[in-house]
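Below, each chain spelled out in residue letters.
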Amino acid sequence: MFNKHYSSHASLSASRSSKFRRLSTTALLVCLAYGAYVPAIHAAPVPADGAAAAVIPVSAKKVISHDVYANWRSIQGNVLSRDGNWAAYALVGQESDGEVVVRNLKDGREFRAPRGTMPAFSADGRYLAFAIAPTRIELDKAKKEKKKGDDLPKSGLGIMNLATGKIENLDRVKRFAWPEEGGNFLAVLFDAPKEAKKDTKKDAEPAAKDDEDQQAAAASAAAKKKDTGTEFLLIDVANAKRSSFKDVADFTWAKNGELLAFSVITKDAQKDGAREGVYLISPQDLTPRAIMAGAGSYKHMNFDEAGRQLAFVSNRDDLAKKHAEADKSGKKNADSDKTDKAEKEITAFNLYYWRAGDSEAKAIVTADTAGLPAGWLPSEHASLSFSKDGQRLFFGTAELAKADPKDAPEPFKVDLWHWKDPELQSMQKVRAEKEKQRSYKAVFHIAEQRFVQLANKNIPNVLINDNPRFAMGASDVPYKMQQSWDALYHDAYAVDLQTGQARLLAQKLRYVPSLSPGGKYVMAFDANTSIWYCWSTADGSKINLTGKIKVRFEDAKRDTPEVKDAYGFAGWTEGDASVVLYDQFDLWEVNPQTQTSRNVTAGYGRKHNLELRYVPVDMEKKPPADEPSPVAEAKALPADSWILAATNEGNRSTGYYQQNPKSGEPVKLIHGDKLYAGLIKAKKADTVVFTQQSFTEFPDVWTSNLALQNPQKISNANPQQAQYNWGKQEMIEYTSLDGKKLKALLAKPENFDPAKKYPMMVYIYENMSDGLHKYVPPAPSQNINVTRYLSNGYIVLRPDIVYKTGHPGKSAYNAVVPAVQKVLAQGYVDPKRVGIQGHSWGAYQINYLITQTNMFRAVEAGASMANMISGYGGIRWGTGMSRAFQYEKQQSRIGGAPWNKTAEYIENSPIFHIDKVQTPYLTIHNDDDDAVPWYQAIEFFTALRQLGKEAYWFNFNGEKHGLKERDNMKFYTVHMAEFFDHYLLGSPRPEWMDKPVPYLERGKRDVMGQFKPVGVKAE
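It should be emphasised that the depicted structure is a prediction, and the values quoted were computed from it without experimental measurement.

**Looking at the overall build of the chain**
Now for step 1: A tally of helices and strands in the chain yields 17 helices and 55 strands.
Now for step 2: The contacts of the chain with a sequence gap of at least 6 include a subset with a gap of at least 24, amounting to 60%.
Now for step 3: In the structure as shown, the chain presents an accessible area of about 47,400 Å², 51% of it carried by carbon and sulfur atoms.

Right, dumping it as structure tokens:
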């Protein structure tokens, strides 16, 4: 049934052997030809930036030009081995081949492998697996040839023996994984082998007539494409043995590494359908054991914590039923046509369950299961999970879609926008595919073999953790319409896991609720009273947590019209005994039963002007959600010791502190005029890694113990920085025109001479001073690159802006103008050579400013608003939402609608004052902008043009609110630099500023040669 191969030799099979492309030496190529590469071993400590060469005098340093960007590197994927002996990370060039670096933290040995990314250690820390990116040459060639999908270069896999540094390579790898705990077996799933191109004209579908036709055609093509399996390897890395299996579609490890499950999907289900199914293998027995077989799809395989139970969903039984019905009806279709047709139809999925000792998986939830709503079934789109104790299996259910009648007429292509629509048609369109795949949480109690539906269409979102009694329900259903102009609200419920009954706890919560780890409480911040409350899931009683504490828990600095959010919370202590909340500076522990409270940090934060926040140091952090959503806290805070991150509210210095959660003040571990971040701890050791950065220091990786004693730098990503004229940044204070004390970031070139007169660039958005210690790598962008402008002789000013509701434009004027005046008063900036740049909200403020002042010699305002009245009625096409909410409640800060705040809308709309503009104007606004409708640029630009004002507008066809295509970033970077360099540095006026570019000649200017690294021949 399976092609299984065992090998005892060190290298992998010839077809998958290591074949590194040319690097540097003949000897290296010889090693690679045999499928093994042993990189050079380095034991010396990492030198400080530039330490390898003599210190370069500032006067001799080079100016940053566009050709330096490609080789500037970032660090990604920092990871520690579980025993803390090794650290690995990837050095990723902007447009150059990177490398993976692995370093022994005990003896300093270091190995590197070309183009490595996504490093992952085996559980015992003896091996490292990593993805190998295609070469930059391959990627550039594919881009030039406009290749897509399967024709694009594929990533490979490297496996490194950390005792020797020896590496073996595999090509075209889709996914790889070690078991989380135990074992040196690596699972590897390959991409499909590249096939010869077929003549597609014969089977091509009719050409689509419009955008909607094209979208439908694409969706149809995707539906018809079957996700078939590919080659799969299970590699015994320690013994250099491997087993190969065909047609594997997916796999999953048991946490302990004792079992692995994989699914098989073949290209020809009629011929090979009997091989399709779910199989188990173990490192001790590599003979696949089918626990379910037959033609069908097998999805979302997942083991329980102990690796003794497995669950998945499949449509096998429904497909078999449809095949049998087709046979019985006497249809004469060819077998393969019959199978294809059945697979394209809507099919029913069941939930299957296997446990150790069973010979096969059994269906445990089907259409006939008691408690399942009529017409509902397990969802093929929802993931599965076991509770940590293995007693409950959580999954999703959904109503089975109904196929359109065969004789149904073709629908008209028309949208009916109805005043009673809960969501605008534009939102429904954006969310249509997700809505098709929507599922509702359910639970199967394994010991009782009992199903309970938890979520439903009125309470669509149910959150679970490991507590055995309650889940939290959250419903935005009653408030969907309101979010168009106000905000999204939620009702919160306690959902009984045993019965599925939901108890309403709170209504119309502005900020998202959360469930405590032990399931005893649901907690939320009441924005109207600025009080934290929790509700007992057992009886629904409401508990005031912070009403008696004489500090503010809402973010008082937030200056939008909506009610203020809380600073947040750290988590719950063991057994839900207490919750730890944040004020602006300190941590507070509150007992919900007694409502007693204490300041955990003993007022240390407020006393020292430090914002203190709890840091989870394990490496199992979840990525942040795209937007705030209800959460179920997974585990309690540790009982022994906490690490707190600290940020000084005044000078923005940061550090890490240790806190005894039972008593005492925090103890400083490290603190300085830098930005410390990214602290993670090895799972079974007190070894940590973190980054530190400043305006002049790249965020390299550092290591230490948990006490952060004697930290050592273990990376040096960009030593070339020492060759370039950089810059220095400071924070200045000034007073706004309406009397507010504000801050701004002021950066000067490294070779700054106070006796000279410099041009100055101003960049604005909202709060900028928080970025005092942030490193800005040279790179192309739609915004000015601060580092490049400094290096080329500019001063750069970035002021903070605070707002008064109803007057955002005037607020910007009151903040920006005095900041510029303060710097001009120092005498080293030429007042006739000041420019300003911003994007989106920053650009809107620039549009306003140039109708009020002529202090700027030139401006760039990208993707900006011009007319708040027409903007209010626009759509954010990325989400489909009306833009009204951001004017009434959020960033645009008008605080009402055009019919009740008419004067404010006119006052703050630059289009009504555009005749006063005297400043040369540059903008970028793309025709597929998904946040600010591009017709705003049409309004503003055409008015400037009609009035005879100098203006230039770049519209990158198909790009959205921010540029995504790097070549487009380069193109715009060059033109924006030429624009400002002309007006502020006195550089020659570029031809495009005097000679319009006809539509038929658009985009033909080649600027790419300016970005070729030194020594690389331009093509």
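Continuing now.
**Examining the sheet that holds strand 44 (residues 700–705)**
Now for step 1: Taken in spatial order, the 4 strands line up as 42-43-44-45 in an open sheet, and their pairing is antiparallel. Edge positions in the sheet fall to strand 42 (675–681) and strand 45 (712–713), since each of these pairs with one other strand and no more.

**A closer look at the sheet that holds strand 3 (residues 99–104)**
Now for step 1: Across the sheet, which stays open at both edges, the 4 strands sit in the order 1-2-3-4 with antiparallel pairing between neighbours. Two strands bound the open sheet, and with one partner strand each, they are strand 1 (73–80) and strand 4 (110–114). Looking at each pair of strands side by side, their axes are set apart by 20° on average, direction ignored.
Now for step 2: By the bridge criterion, 6 bridges tie strand 2 (residues 86–93) to strand 3 in an arrangement that is antiparallel. Bridge pairing in strand 3 links Y89 to V101.

**Let's talk about the pattern of salt bridges**
Now for step 1: By the definition in use, this model includes 58 salt bridges.
Now for step 2: The shortest N-O distance in the salt bridge between D967 and K143 comes to 3.1 Å. With D967 in helix 17 (residues 966–985) and K143 in helix 2 (residues 136–144), this pair connects stretches of sequence that are 824 residues apart.
Now for step 3: For D967, a relative accessible area of 28% translates into the label partly exposed.
Now for step 4: For K143, a relative accessible area of 44% puts it in the partly exposed group.
Now for step 5: Ionic pairing is found between K740 and D738, a salt bridge with its closest N-O pair at 3.1 Å.
Now for step 6: Among the charged side chains, a network of salt bridges with common partners joins E95, K143, E965, R966, D967 and K970.

**Section: empty space enclosed by the protein**
Now for step 1: Tallied over the entire structure, the rule returns 2 cavities of 30 Å³ or more.
Now for step 2: The computed volume of the largest cavity comes to approximately 70 Å³.
Now for step 3: Of all the elements in the fold, those that place two or more residues in the lining of the largest cavity are helix 10 (786–791) and helix 17.
Now for step 4: Looking at which element gives the most residues to the lining of the largest cavity, the answer is helix 17, with 3 residues.
Now for step 5: Of the residues that constitute the lining of the largest cavity, the class distribution is 6 nonpolar, 5 polar and 1 charged.
Now for step 6: Estimated volume of the second largest cavity: approximately 30 Å³.
Now for step 7: Around the second largest cavity, the lining residues are S864, Y921, T923, H925, A937, F940 and F941.

**Here's the deal with the nonpolar core**
Now for step 1: Counting residues in hydrophobic clusters, the biggest one holds 55 residues, and the most contacted among them are M760, V762, L797, V820, I836 and F856.
Now for step 2: For this core, the element with the most residues is helix 11 (residues 808–824), which contributes 8 residues.
Now for step 3: Apart from residues lying up to four places away in sequence, L797 is in contact with I732, A744, L745, L746, M760, M761, V762, Y763, A819, V820 and V823.
Now for step 4: Among the nonpolar cores identified, the runner-up in size contains 54 residues, and A717, M969, V1007 and F1011 belong to it.

**Focus: the packing of aromatic side chains**
The description of an aromatic ring pair uses the distance of the two centres, along with the angle that the planes make with each other.
Now for step 1: On inspection of all chains with the given rule, the structure shows 46 aromatic pairs.
Now for step 2: These aromatic residues form a ring-pair network of at least three members: Y952, F954, F956, F971, Y972, F979, F980, Y983 and W992.
Now for step 3: The cationic tip of R613 hangs over the ring face of Y582; the distance from NZ or CZ to the ring centre is 4.3 Å.
Now for step 4: Geometry around Y789 places R788 over its ring, the cationic atom sitting 4.7 Å from the centre.

**Some remarks on the pairing of strand 46 (residues 727–735)**
Now for step 1: With 9 bridges connecting them, strand 46 and strand 47 (residues 741–749) associate as antiparallel partners. Looking at the pairing, Q729 lines up with A747 of strand 47.
Now for step 2: Where strand 46 hands over to strand 47, the hairpin turn is made up of 5 residues, of which G739 adopts a positive phi near 85°.

**A word on the pairing of strand 11 (residues 230–236)**
Now for step 1: With 6 of 7 residues buried, strand 11 lies mostly within the body of the structure.
Now for step 2: In this structure, strand 10 (residues 185–190) lies alongside strand 11, joined through 5 bridges in antiparallel fashion. Its bridge partner being in strand 11, L186 is matched across the sheet by I235.
Now for step 3: Once strand 11 ends, the chain turns through 4 residues before running back antiparallel as strand 12 (residues 241–253), passing A240 with a positive phi of about 55°.

**Description of the side chain of Q693**
Now for step 1: Positionally, Q693 belongs in strand 43 (residues 687–693).
Now for step 2: A polar contact is formed between the side chain of Q693 and the backbone nitrogen of Y775, at a distance of 2.8 Å.
Now for step 3: Q693 has contacts with K674, L675, F698, P699, H773, K774 and Y775, leaving out every residue within four places of it along the chain.

**Focus: unusual backbone geometry**
Now for step 1: Look at R652: it is not a glycine, yet its phi comes out positive at around 65°.
Now for step 2: Residue placement: R652 occurs in the loop between strand 39 (642–648) and strand 40 (654–659).
Now for step 3: In this model, A863 sits at a positive phi of 50°, which is unusual for a non-glycine residue.

**Regarding the environment of Y89**
Now for step 1: Position of Y89 among the secondary structure elements: in strand 2.
Now for step 2: As for Y89 and V102, which are separated by 13 residues in sequence, their C-alpha atoms are 6.6 Å apart.
Now for step 3: From its side chain, Y89 meets the backbone oxygen of I714 in a polar contact 3.1 Å long.

**Re the packing of helix 11 against helix 12 (residues 841–849)**
Now for step 1: At a minimum axis distance of 9 Å, the contact between helix 11 and helix 12 shows a crossing angle of 80°. With respect to helix 12, the axis of helix 11 lies roughly perpendicular. The residues of helix 12 that touch helix 11, namely those facing P808, G809, K810, A812, Y813 and V816, are W841, Y844, Q845, Y848 and L849.
Now for step 2: For the contact of helix 11 with helix 12, a count of residues per class yields 8 nonpolar, 2 polar and 1 charged.

**Comments concerning the side chain of N785**
Now for step 1: Examined against the element boundaries, N785 turns out to sit in the loop between strand 48 (758–763) and helix 10.
Now for step 2: In contact with N785, other than residues within four places in its own chain, are V776, P777, P778 and A779.

**With respect to helix 5 (residues 316–328)**
Now for step 1: The end-to-end C-alpha distance of helix 5 is 18 Å, a good match for the 18 Å that 13 residues give at a rise of 1.5 Å each.
Now for step 2: Taken together, the buried positions of helix 5 are occupied by D318, L319, H323 and A326. Looking straight down helix 5, one finds its buried side chains confined to an arc of 140°; they lie on one side. Those residues of helix 5 that are exposed and angled more than 90 degrees off the buried face are K321 and K328.

**With respect to the environment of I543**
Now for step 1: Along the chain, I543 turns up in strand 32 (residues 542–544).
Now for step 2: Expressed as a C-alpha distance, the spacing of I543 and Y521, which sit 22 residues apart in the sequence, is 9.7 Å.
Now for step 3: Setting aside anything within four residues of it in sequence, one finds I543 in contact with Y521, W532, Y533, C534, P592 and Q595.

Rules used in this analysis
- Residues numbered from 1 in each chain as written.
- Predicted model: local features only at pLDDT ≥ 70, side-chain atom pairs only at ≥ 80, totals over all residues.
- Heavy atoms only, no water.
- Helix = DSSP H or I, 4+ residues; strand = E, 2+ residues; numbered from the N terminus.
- Contact = heavy atoms within 4.5 Å.
- Areas by Shrake-Rupley, 256 points an atom, 1.4 Å probe, with all protein chains shown as cover.
- Pairing = 2+ DSSP bridges.
- Axes fitted to C-alpha atoms, helices over the stretch in contact; angles between N-to-C directions.
- Salt bridge = Lys/Arg side-chain N within 4 Å of Asp/Glu carboxyl O.
- Buried < 20%, exposed > 50% of the residue type's maximum accessible area, 1.4 Å probe, protein only.
- 1 Å grid on protein atoms, 1.4 Å probe; cavity = no way out; pocket = protein on both sides within 12 Å on 5 of 7 lines; lining within 4 Å.
- Points joined across faces, edges and corners; volume = space filled by probe spheres on them.
- Nonpolar A, V, L, I, M, F, W, Y, C, P; charged D, E, K, R; others polar.
- Core = buried A, V, L, I, M, F, W, Y, C linked by side-chain atoms within 4.5 Å.
- Phe/Tyr/Trp six-rings, centres within 6.5 Å; stacked < 30°, edge-to-face > 60°.
- Lys NZ or Arg CZ within 6 Å of the ring centre and 35° of its normal.
- Polar contact = N/O pair within 3.5 Å; in protein donor to acceptor, adjacent residues only side chain to side chain.
- Parallel < 35°, antiparallel > 145°, perpendicular 65-115°, else oblique.
- Expected span 1.5 Å × (residues − 1).
- Arc of directions from axis to C-beta.

From the geometry alone we can't say anything about function, so treat these as descriptive.
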